[in-house]
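This is what each chain is made of:
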Amino acid sequence: MFDLLIKGGTLPDGTVSDIAIAGDRIAATGRVEGDASEVIDATGDLVSPPFVDPHFHMDATLSYGLPRVNASGTLLEGISLWGELREIATVDEMIARALTYCDWAASMGLLAIRTHVDTTPDHLRGVEAMLEVKRRVAGYIDLQLVAFPQDGLYRTATGRANVLRALDMGVDVVGGIPHFERTMEEGAESLRDLCRVAAERALRIDIHCDETDDPMSRHVETLAREVTRHGLGSRAAGSHLTSMHSMDNYYVSKLLPLIAESGMTAIPNPLINITLQGRHDTYPKRRGLTRVKEMQAHGITVGWGQDCVLDPWYSLGTADMLDVAFMGLHVAQMTHPEEMARCFRMVTEDNARIMGLEGYGLKNGDFASLVILDAGNPTEALRLRAERLAVVSKGKVIARHNRNDTCLSLAGRPESVRRRHEGPER
Ligand code: FE2
């Protein structure tokens with residue numbers, strides 16, 4: 001007797017399989033006989049492991065327009081606006097906004113999120129708020145927190161001390177922002193310092209690295225070297241890496257093998273990178289995205305991150321990782337069928353590897369967390385940004401949507417034209 005049986009779904013690799021769930025784990029796959037307390041018919045639908053977002057800022061989310069909108073649309077005005085907002089936002093306000101976002105995420109099948117939390121202010125209210133959010137959503141979302149010195153590790157008097165305080169409070173991952181330090185040398189020193197901290201504390205590290213159009217911003221080189229020196233491997237990630245789009249090709253031909261040798265992973269954030277980068281250009285105007293396909297060709301794990309939803313840096317967003325992958329597919333020109341399928345894996349399997357999630361997948365014994373999509377395969381899910389028909393987190397159905405308001409696509413497949421957000425009960 002199973003608790004939940006999902007019948008006849010199509011897995012991302014095209015296999016048709018039942019999935020039987022007992023407690024919080026997958027108990028059987030393939031053709032499953034037996035009774036269950038609840039049965040969901042997923043015939044013709046895509047059944048995928050849940051979406052994963054390895055790069056987000058939950059302390060700032062859903063604050064768009066506070067204290068006013070970002071008029072220039074630049075990264076630097078966003079940082080400045082956030083600097084004002086973090087001083088007036090209360091812990092309760094940040095918790096409330098983050099919990100609303102987690103409802104949206106859960107309803108979209110996004111069940112694991114790595115969020116950077118700003119450790120710049122000495123009050124550390126954002127850290128306090130996000131630790132509480134992590135505790136409250138633990139039953140249905142895996143939240144990983146990064147101690148992120150938004151204004152630089154060395155640019156403020158207490159920048160370094162506050163990162164360590166946040167880690168002592170229970171934040172999971174070491175963060176940094178070398179391109180925002182005062183000098184290139186101080187940026188490089190911040191990486192040597194932070195990688196040492198990560199190694200000594202046996203923590204993961206995720207660096208906002210070279211989020212600039214300046215091709216001479218080469219901190220990723222130092223990051224890769226320090227990751228290799230300390231043997232951090234895939235426990236280390238470089239986020240954004242946008243300057244690589246404008247680096248000299250000869251230099252990149254040396255850089256990519258160094259990144260691959262280190263084993264570190266990469267997290268571009270296409271919605272934000274295409275929006276914020278290239279703002280100083282006239283024409284030709286740069287796309288702002290790092291070298292995704294080239295890194296993958298070197299065996300480097302690359303995932304798509306979302307970064308922002310309705311905050312000082314980005315005025316849109318729905319917690320839908322299919323939107324993120326859809327934008328990434330376009331900007332990186334990943335239009336071959338294998339590349340489109342890869343884009344889906346980037347917001348599922350590859351992101352799970354980046355976050356180091358245990359028990360992620362659809363095998364026997366994995367956590368019974370999955371999403372049923374109104375699509376026949378991953379590429380169709382991307383094309384339609386398909387409806388999430390049901391979301392299961394650790395054995396519990398936490399969201400359901402109707403196959404509503406449909407029209408016929410050219411292929412004759414019902415195509416959802418509206419999506420709603422319905423969060424789980426806490
Ligand atoms: Fe970020």
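Since this is a predicted model, take the numbers as computed values, not measurements.

**So, the confidence of the model for the protein chain**
Per-residue confidence for the protein chain gives a mean pLDDT of 94; residues scoring 70 or more make up 95%. Per-element confidence in the protein chain ranges from a low mean pLDDT of 39 for strand E17 (residues 414-416) to a high of 99 for strand E12 (residues 265-267). Confidence drops under a pLDDT of 50 for residues 405-426, and excluding neighbours within four residues, the segment shows 59 contacts in the predicted structure.

**Describing the domain arrangement of the protein chain**
When its domains are assigned, the protein chain resolves into domain 1 (2-50 + 360-414) and domain 2 (51-355). Summing the contributions of domain 1 and of domain 2, the shared interface buries around 1800 Å²; its carbon and sulfur component is 70%. Sorting the residues of domain 1 by area buried against domain 2 places Leu382, Arg385 and Arg388 first, and these three jointly supply 34% of that buried surface. At the junction of domain 1 and domain 2, the tally comes to 3 salt bridges. The closest approach of N and O atoms between Arg388 and Asp320, which form a salt bridge, is 2.9 Å. If you look at where domain 1 meets domain 2, you find 4 residue pairs in polar contact (both at pLDDT 80 or more). Sort the elements by how many residues they give to the side of domain 1 that touches domain 2 and helix H12 (residues 378-384) lands first, with 5 residues. Class assignment of the residues belonging to the side of domain 1 that touches domain 2 gives a composition of 15 nonpolar, 5 polar and 4 charged.

**Remarks on the coordination of the iron ion**
Ideal geometry at a metal centre gives angles of 109.5 degrees when four donors are arranged tetrahedrally and 90 or 180 degrees when six donors are arranged octahedrally. Coordination sphere of the iron ion, protein contribution only: His55 (NE2), His57 (NE2), His208 (NE2) and Asp307 (OD), at 2.1 to 2.5 Å. Geometry at the iron ion is irregular, judged from its 4 donor atoms and the angles of 85 to 177° they form at the metal. For the iron ion, the donor residues sit on a single chain with the sequence spacing H-x1-H-x150-H-x98-D. Of this pair, His208 sits in strand E10 (residues 204-209) while Asp307 sits in the loop between helix H9 (292-297) and helix H10 (321-331), and the two are 99 residues apart along the sequence.

**A short note on helix H3 (residues 125-137)**
For H3, spanning 13 residues, the distance from its first C-alpha to its last is 18 Å, which sits close to the expected 18 Å at 1.5 Å a residue. For H3, the full list of buried residues reads Gly126, Val127, Ala129, Met130, Val133 and Val137. Looking straight down H3, one finds its buried side chains confined to an arc of 165°; they lie on one side. Elements that come into contact with the buried residues of H3 comprise helix H2 (91-107), strand E7 (110-118), strand E8 (142-148) and helix H4 (159-169).

**Notes on the nonpolar core**
Soluble globular proteins tend to pack their nonpolar side chains together in the buried interior. Grouped together as the largest cluster of nonpolar side chains are 106 residues, with contacts concentrated most on Met58, Tyr101, Val133 and Trp304. Top element by residues in this core is H2. It accounts for 10 residues. Inspection of this core shows a minimum of three residues originating in each of domain 1 (2-50 + 360-414) and domain 2 (51-355). Sequence-distant contacts of Tyr101, that is, excluding residues within four places in its chain, are made with Phe56, Met58, Thr61, Leu62, Leu110, Ile113, Gln306, Val309 and Ala319. Listed in part, the 16 residues of the second largest apolar core include Leu11, Ile19, Ile40 and Ile372.

**So, the packing of aromatic side chains**
Applying the stated rule across the entire model yields 3 aromatic pairs. Considering the side-chain rings of Phe51 and Phe344, the 5.8 Å spacing of their centres and the 70° angle between planes classify their relative orientation as edge-to-face. With a gap of 293 residues between them, Phe51 in strand E6 (residues 51-56) and Phe344 in helix H11 (residues 337-355) connect regions that are remote in the sequence. Judged by its relative accessible area of 1%, Phe344 is buried. Geometrically, the ring pair formed by Trp82 and Trp313 is tilted, given 6.4 Å between the ring centres and 50° between the ring planes. You can see Trp82 sitting in helix H1 (residues 75-88) and its partner Trp313 sitting in the loop between H9 and H10, a full 231 residues away along the chain. According to the relative accessible area criterion, Trp82 is buried, its value standing at 3%. The exposure class of Trp313 is buried, given its relative accessible area of 9%. Directly above the ring of Tyr251 sits Arg218, whose terminal nitrogen or CZ lies 3.7 Å from the centroid.

**Overview of the sheet that holds strand E9 (residues 173-176)**
Reading across from one edge, E6-E7-E8-E9-E10-E11-E12 is the order of the 7 strands in this open sheet, with parallel pairing throughout. The two strands at the open ends of the sheet, each matched to only one other strand, are E6 and E12. Direction aside, neighbouring strands of the sheet carry axes that sit 20° apart on average. Here 5 bridges tie E10 to strand E11 (residues 236-240), and the two strands are oriented parallel to one another. Paired with Ile207 across the strands is Gly238, a residue of E11. Against the sheet, helix H5 (residues 184-201) makes contact with E9 and E10, and its axis sits at roughly 160° relative to E10, the strand it touches most. Sheet contacts for helix H6 (residues 219-230): E10 and E11; angle to E10, the most-contacted strand, approximately 170°.

Each value, and the rule that gives it
- Residues numbered from 1 in each chain as written.
- Predicted model: local features only at pLDDT ≥ 70, side-chain atom pairs only at ≥ 80, totals over all residues.
- Heavy atoms only, no water.
- pLDDT = per-residue confidence, 0-100.
- Helix = DSSP H or I, 4+ residues; strand = E, 2+ residues; numbered from the N terminus.
- Contact = heavy atoms within 4.5 Å.
- Domains from an automatic or database assignment.
- Buried area = accessible area lost by both parts, 1.4 Å probe.
- Salt bridge = Lys/Arg side-chain N within 4 Å of Asp/Glu carboxyl O.
- Polar contact = N/O pair within 3.5 Å; in protein donor to acceptor, adjacent residues only side chain to side chain.
- Nonpolar A, V, L, I, M, F, W, Y, C, P; charged D, E, K, R; others polar.
- Donors = N, O, S within 2.8 Å, 3.2 Å for Na, K, Ca; no water.
- Tetrahedral: all angles 85-135°; square planar, octahedral: opposite > 155°, others 65-115°.
- Expected span 1.5 Å × (residues − 1).
- Buried < 20%, exposed > 50% of the residue type's maximum accessible area, 1.4 Å probe, protein only.
- Arc of directions from axis to C-beta.
- Core = buried A, V, L, I, M, F, W, Y, C linked by side-chain atoms within 4.5 Å.
- Phe/Tyr/Trp six-rings, centres within 6.5 Å; stacked < 30°, edge-to-face > 60°.
- Lys NZ or Arg CZ within 6 Å of the ring centre and 35° of its normal.
- Pairing = 2+ DSSP bridges.
- Axes fitted to C-alpha atoms, helices over the stretch in contact; angles between N-to-C directions.

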